[in-house]
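Observations on chain architecture
Chain by chain, the residues:
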Amino acid sequence: MRRLRACLGAAAAVTLAAAGTTALVASNASGATSALGNRWYAAAPYLMPLDNDPPDAAAIMDASGLKAFQLAFILAPNGGGCSPTWGGTAPVSGDTAVQNVISTIRAKGGDVSVSIGGYGGTKLGQACADAASTAAAYQQVITKYGLHAIDFDLEEPEYENTAAVRNEIGAAKILQQNNPGLYVSVTTAGTADGTGWFGKQMLLEAKSQGFTPNNFSIMPFDGGFNGAASQTGALTNFNAILRSTFGWDEATAYAHEGFSGMNGRSDTGEYFSQADFQTVLDYATSHNMDRFTFWSLNRDRQCSPADNGGRTSGTCSSVAQNSWDFAKYSVKFAGATPPSTTPTPTPTPTPNSCKTAWSSSSVYTAGNEVSYNKHNWKAKWWTQNEVPGASEWGPWQDEGAC
């Protein structure tokens, strides 16, 4: 931060400090009169508020006892530029849809964190010129929504870009300093060894900048994992990486370590059941870890018969469950007790009518809709000859059975 302030000059430094003050004022104006305890932000599961058939946040709160949500994802505009958008398409500056979701959650005594980055798309760390401009873009999000927490999800393809990671880590440090009390998590890919080469380089970048977030979280899935034992093994190995990188003792490293799982069937066909979540939760709490979250609430419901549970979906888990089963593990991590009654599974919705069938020879652009394999799909970006549903992270957004 010292080097950054020297480059910015005194006037710019004052501007950034003022932006932090503005965020606190906006916090009150937007309905979040006080922050939740950090444990709730640490337990907040991911929710896509505009895509993947968004569930009703209020219903989740009533059924599970959940109070905090991790809204995803903030990206650079698909057409280029250094300004925040939801998913690359919906500018934060003009947003009302996500604001309405946040207002609903806060009216029930809850709150949100916002996640930036994720898999795919153009990240602001790639699009913005430096850490200061990256931070200024994220400050717009903090100010608009009166945020008390933010998550930096640094993964493909951004974390392979040294300059982009430098911008993101630098931005995180600026935001942390200019928004006192802001809860900051940094999430990256997990491997059996803890995290891979790029994850380790990210940690070294944080060390070189003197930046320490509330936690560094890994995602132990999509890497040949098989149940909870492989995940807790990765968390143990990641603890060793944190110790060797930052010179922390074991307890300090666990106090800055987090878990971000995937409920049900992962992208690569791994399966993580409720029992697996309980095992990892027990590990996290017994080691006093700082964070326990998962991807995602959009998937925290049983698939309809049309899905057959045999593929990875953005809108259901592909395992047998009641709606919001996995959210209850987050509630437990936060130190609360979920409702004792078993919620009634959400009724299977009536399928929508099918759109025009997908064609391998046609060119599709963002927003185009097609049908394939008895599901409707919406293009996230330009695509041709890429099969809908081949990957959750591909160009097609699953809009449900038809």
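Residues numbered from 1 in each chain as written. Predicted model: local features only at pLDDT ≥ 70, side-chain atom pairs only at ≥ 80, totals over all residues. Heavy atoms only, no water.

The next thing to look at is the overall build of the protein. Within the protein, the regular secondary structure consists of 13 helices and 17 strands. A burial count over the protein gives 55% of its 402 residues as buried. Contacts in the protein between residues at least 24 apart in sequence constitute 70% of all its contacts with a sequence separation of at least 6. Surface exposure of the protein reaches about 15600 Å², of which carbon and sulfur atoms provide 52%. (Helix = DSSP H or I, 4+ residues; strand = E, 2+ residues; numbered from the N terminus. Buried < 20%, exposed > 50% of the residue type's maximum accessible area, 1.4 Å probe, protein only. Contact = heavy atoms within 4.5 Å. Areas by Shrake-Rupley, 256 points an atom, 1.4 Å probe, with all protein chains shown as cover.)

This brings us to the environment of Ala 284. Relative to the assigned elements, Ala 284 resides in helix 12 (residues 274–286). On the basis of relative accessible area, Ala 284 is assigned to the buried category, the value being 0%. Ala 284 sits 26 residues away from Gly 258 along the chain, and the two C-alpha atoms are 8.0 Å apart. Beyond its immediate chain neighbours, meaning those up to four positions away, Ala 284 contacts Met 289, Phe 292 and Phe 333.

Two elements in contact, helix 7 (residues 131–145) and helix 8 (residues 162–178), have axes whose closest approach is 8 Å; the angle formed by their N-to-C orientations is 55°. On the basis of their axis angle, the class for helix 7 and helix 8 is oblique. The interaxial crossing formed by helix 7 with helix 8 has right-handed handedness. Note on element contacts: helix 8 touches helix 7 through Arg 166, Asn 167, Glu 168, Gly 170, Ala 171, Ile 174 and Leu 175, opposite Ala 131, Ala 132, Thr 134, Ala 135, Tyr 138, Gln 139 and Ile 142. Per-class residue counts for the contact of helix 7 with helix 8 are 8 nonpolar, 4 polar and 2 charged. (Axes fitted to C-alpha atoms, helices over the stretch in contact; angles between N-to-C directions. Parallel < 35°, antiparallel > 145°, perpendicular 65-115°, else oblique. Left-handed = near helix turned anticlockwise from the far one by under 90°. Nonpolar A, V, L, I, M, F, W, Y, C, P; charged D, E, K, R; others polar.)

Mean pLDDT over the protein stands at 88; residues scoring 70 or higher make up 88%. Here residues 343–349 is a poorly scored stretch, pLDDT under 50, and it has 10 contacts once near neighbours within four places are set aside; other chains count. (pLDDT = per-residue confidence, 0-100.)

A few words now on helix 12. End to end, helix 12 covers 18 Å across 13 residues, agreeing with the expected 18 Å (1.5 Å per residue, within 8%). Contact partners of the buried residues in helix 12: helix 10 (228–246), helix 11 (250–255), strand 9 (257–262), strand 11 (271–272), strand 12 (291–295) and helix 13 (327–333). Capping of helix 12 at its N-terminal end is provided by Ser 273; its side-chain oxygen lies 3.3 Å from the backbone amide nitrogen of Ala 275. In the stretch just after helix 12, Asn 288 is the one whose phi turns positive, near 55°. (Expected span 1.5 Å × (residues − 1). Polar contact = N/O pair within 3.5 Å; in protein donor to acceptor, adjacent residues only side chain to side chain.)

Okay, the pattern of salt bridges next. This model, assessed by the stated rule, comprises 6 salt bridges. The shortest N-O distance in the salt bridge between Asp 51 and Lys 378 comes to 4.0 Å. With Asp 51 in the loop between strand 1 (46–47) and helix 4 (57–64) and Lys 378 in strand 15 (residues 375–379), the pair connects residues that are 327 residues apart, well separated along the chain. Here Arg 291 and Asp 151 are joined by a salt bridge, their closest N and O atoms 3.7 Å apart. Taken as a pair, Arg 291 in strand 12 and Asp 151 in strand 6 (residues 149–153) lie far apart in primary sequence, 140 residues in all. (Salt bridge = Lys/Arg side-chain N within 4 Å of Asp/Glu carboxyl O.)

Attention now goes to the sheet that holds strand 14 (residues 369–372). Spatially, 14-15-17 is the arrangement adopted by the 3 strands of the open sheet, whose pairing is antiparallel. Both outer strands of the open sheet, strand 14 and strand 17 (396–401), are each paired with one neighbouring strand and no more. Strand-to-strand twist of the sheet, defined as the mean angle between neighbouring strand axes without regard to direction, takes the value 30°. Pairing geometry for strand 14 and strand 15, over 4 bridges, is antiparallel. Pairing of Tyr 372 across the sheet is with His 375, part of strand 15. (Pairing = 2+ DSSP bridges.)

So, about the packing of helix 9 (residues 197–209) against helix 10. Close contact between helix 9 and helix 10 brings their axes to 10 Å; oriented N to C, the two are set at 35°. Two packed elements cross with a definite hand, and for helix 9 against helix 10 that hand is right-handed. Residue-level contacts link Lys 200, Leu 203, Leu 204, Ala 206 and Lys 207 of helix 9 to Phe 238, Ile 241, Leu 242, Thr 245 and Phe 246 of helix 10. Grouping the constituent residues of the contact of helix 9 with helix 10 by class yields 7 nonpolar, 1 polar and 2 charged.

Our focus in this paragraph is the packing of aromatic side chains. The tally for this structure, following the rule as stated, stands at 22 aromatic pairs. For the pair Trp 197 and Phe 198, a centre-to-centre distance of 5.2 Å together with 85° between the ring planes defines the contact as edge-to-face. Residue Trp 197 is classed as exposed on the basis of its relative accessible area of 58%. The exposure class assigned to Phe 198 is partly exposed, which follows from its relative accessible area of 27%. Considering the side-chain rings of Tyr 254 and Tyr 283, the 6.2 Å spacing of their centres and the 70° angle between planes classify their relative orientation as edge-to-face. Taken as a pair, Tyr 254 in helix 11 and Tyr 283 in helix 12 lie far apart in primary sequence, 29 residues in all. (Phe/Tyr/Trp six-rings, centres within 6.5 Å; stacked < 30°, edge-to-face > 60°.)

With the rule as written, the count across this model stands at 2 disulfides. Between Cys 82 and Cys 128 runs a disulfide, and the two sulfur atoms are separated by 1.9 Å. Note on the Cys 82 and Cys 128 pair: the S-S dihedral is about 95°, so by sign convention the disulfide is right-handed. In this pair, Cys 82 sits in the loop between strand 2 (68–75) and strand 3 (85–86) while Cys 128 sits in the loop between helix 6 (124–127) and helix 7, placing the two residues 46 residues apart along the sequence. The disulfide partner of Cys 303 is Cys 316, and the S-S distance across this bridge is 2.1 Å. Between Cys 303 and Cys 316, the disulfide has an S-S torsion of 90° and is therefore right-handed. With Cys 303 in the loop between strand 12 and helix 13 and Cys 316 in the loop between strand 12 and helix 13, this residue pair connects regions lying 13 residues apart in the sequence. The same class applies to Cys 303 and to Cys 316, which are both buried. (Disulfide = S-S within 2.5 Å.)

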